[in-house]
Amino acid sequence: MPNLGVRGDERGYVMEAVRHKVAYLSPSGTTRRVAETIGEALRARGAVVETLDLGKATRGGPMGVSGAGPTCVWVGSPVYVHHPLPQVLQFVEGLPVLRRGFGVPFVTWGAATSGLALWDLGLALEARGYRVLGAAKVLAVHSTFWNVPDPLGAGHPDAEDLSRVEALVDGVLGKLAAGARPLDAASLDYQPPSMRAISEESSLERAKARMAPLRLDEGRCSACGACREACPAGAVELAPYPIFGPECIRCGRCVQACPEGALPFDPAPLQAHIRAMAAKYGEEPATRVLL
Ligand SMILES: Cc1cc2nc3c(=O)[nH]c(=O)nc-3n(C[C@H](O)[C@H](O)[C@H](O)COP(=O)(O)O)c2cc1C
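Residues numbered from 1 in each chain as written. Predicted model: local features only at pLDDT ≥ 70, side-chain atom pairs only at ≥ 80, totals over all residues. Heavy atoms only, no water.

### Observations concerning the overall build of the protein chain
Stated formally: Going along the chain from the N terminus, every DSSP run of H or I of four or more residues is numbered as a helix, and every run of E of two or more is numbered as a strand. Atoms counted for the radius of gyration: C-alpha only. Globule rule: 2.2 Å times the number of residues to the power 0.38. Type-normalised accessible area, obtained with a 1.4 Å probe on protein chains alone, sets the label of each residue: buried when under 20%, exposed when over 50%, and partly exposed for intermediate values. For this analysis, residues touch if any pair of their heavy atoms sits within 4.5 Å. Positive residues here are Lys and Arg, negative ones are Asp and Glu, while His and the chain termini are left out of the count. Lysine's charge is taken at NZ, arginine's at CZ, aspartate's at CG and glutamate's at CD.
Looking only at helices and strands, the protein chain features nine helices and ten strands. The globule rule puts the C-alpha radius of gyration for 291 residues at 19 Å, and the 20 Å found for the protein chain is close to it. Each of the 291 residues in the protein chain was classed as buried or not, and the buried ones make up 49%. Sequence separation of 24 or more characterises 78% of the internal contacts of the protein chain that already satisfy a separation of 6 or more. Across the protein chain, 30 positive and 30 negative side-chain charges occur, with their mean positions spaced 3 Å apart.

The following block contains the structure:
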């Protein structure tokens, strides 16, 4: 139901009239925590919310976003090699064009660089006609460091990070109620030119091409399917041993889930490289809300 609160050309909406959809992919669970914080904050403020775990959604039609009424889609991804996960971008690219669609991208990043992930998501939302009302990058433990006691980004997101996420929710709801202007997408392009250039050159696909392929030790593998179960990208087929498809995002969940240690992988060289990068660039502020 369109509301009073008219400002400029924009109309505000009463809280109950706006449907909120929080969609995310979270191989290691941190982006899920941020998505849950958003969902809880929205509900606590009386909003109507649905959440969608893109790792569990059936392929092809995980939508549930329709043209009826104003809809605000919150889209969350971890930063992988300077960008959002391809599956999250594909989700945004498949969103229906709505007359009254709003978008809020959010990313978690592991203290190396948040790259262009928010910018990519913001542009993709705008390309579908969703007006971007706010965005956040949230510092998180780096999921490549699952096997060490002192991971990069240890302890994050902490209470302070999550309180900023709640501030994002308040800011977005305030904008919806008051009909305030969308975010200027250029503000999501916050990287200094040197990092922007590096991020433009970087991608998960290119990084995968440089990495050694996942190697299966068939002598150890019992074809139990734990790897397929753990894979958030639907990339594992059992035939009867696991085969890793092109959807693999190198999250390492299969390596961690394998009860037989049949997917040997030593992340130490990668970790050294990532620590050096984090020390060199020292991106600040680590957690940031843009409204
Ligand atoms: C393959 C891979 C690539 C990653 N690339 C980056 C990156 O470019 N910059 C960064 O700061 N963190 C990077 N990370 C760390 C994740 O962005 C971070 O840990 C995130 O919070 C994970 O989210 P999740 O727990 O929802 O999976 C990467 C992690 C993995 C596994």
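There is more to say, and it comes next.
### What about the side chain of T71?
We apply this condition: The term polar contact refers here to a pair of N or O atoms within 3.5 Å; inside protein, the definition further demands a hydrogen-donor-capable atom paired with an acceptor-capable atom, and it admits residues adjacent in sequence only when both atoms are side-chain atoms.
Along the polypeptide, T71 turns up in strand β3 (residues 71–80). A residue is classified by how much of its surface remains accessible, and T71, at 2% relative accessible area, is buried. Here the side chain of T71 touches G69 through a polar contact of 3.4 Å, landing on its backbone oxygen.

### Some points on the site of the ligand
Put simply, the rule reads: The criterion for a residue being near a molecule or strand is simple. One of its heavy atoms has to lie within 4 Å of it. Reported accessibility uses the Shrake-Rupley method at a 1.4 Å probe radius. Residues are deemed covered only where the shown protein chains occlude them.
Neighbouring the ligand are 25 residues, the closest being S26, T30, T31, V79 and V141. In the model, an oxygen atom of the ligand is placed 3.3 Å from a nitrogen or oxygen of the G29 main chain. Between T108 and the ligand, the recorded distance is 2.7 Å, taken from a side-chain N or O atom to an oxygen atom. Here the ligand has 640 Å² of accessible area as a free molecule, and 95% of this is covered by the chains.

### Some details on the nonpolar core
Which entries qualify depends on this criterion: Here, the term nonpolar core denotes a set of buried Ala, Val, Leu, Ile, Met, Phe, Trp, Tyr and Cys residues that are joined through side-chain atoms within 4.5 Å.
In terms of nonpolar packing, the biggest core is built from 54 residues, with V75, F91 and V92 touching the most fellow members. Of all elements in the fold, only β3, α2 (86–93), β5 (101–109), α3 (117–127), β7 (135–139), α8 (253–257) and α9 (268–281) reach the threshold of two or more residues within this core. Among the elements that line this core, the one with the most residues is α3, at six residues. Those residues within four positions of V92 in sequence are excluded, and the remaining contacts are V75, L121, A124, L125 and R128. V34, V104, V138 and V169 belong to the second-largest nonpolar core, a separate cluster that totals 26 residues.

### Notes on the environment of L98
As for its placement among the helices and strands, L98 is situated in the loop between α2 and β5. Of the residues examined, L98 reaches a relative accessible area of 7% and is grouped as buried. Considering only alpha carbons, one finds L98 and P285, 187 residues apart in sequence, at a separation of 34 Å.

### Considerations on α3
Counting buried residues in α3 gives eight out of eleven residues, a clear majority hidden from the surface. All buried positions along α3 are accounted for by A117, L118, W119, D120, L121, G122, A124 and L125. Looking one or two residues beyond α3, the residue adopting positive phi is G129, at roughly 90°.

### Description of the pattern of salt bridges
Test applied: Any Lys or Arg side-chain nitrogen found within 4 Å of a carboxyl oxygen on Asp or Glu counts as a salt bridge.
Applying the stated criterion across every chain, the model contains 13 salt bridges. D150 is paired through a salt bridge with R275; the nearest N and O atoms lie 3.4 Å apart. Separated by 125 residues along the polypeptide, D150 in the loop between β7 and α4 (159–178) and R275 in helix α9 bring together distant segments of the chain. When its relative accessible area of 30% is taken as the criterion, R275 is described as partly exposed. K208 is the salt-bridge partner of E205, the closest N and O atoms lying 3.9 Å from each other. Of this pair, E205 and K208 are both found in helix α6 (residues 204–210), three residues apart, which corresponds to roughly one turn of the helix. In the salt-bridge network here, residues are joined through shared partners; they are R19, K21 and E50.

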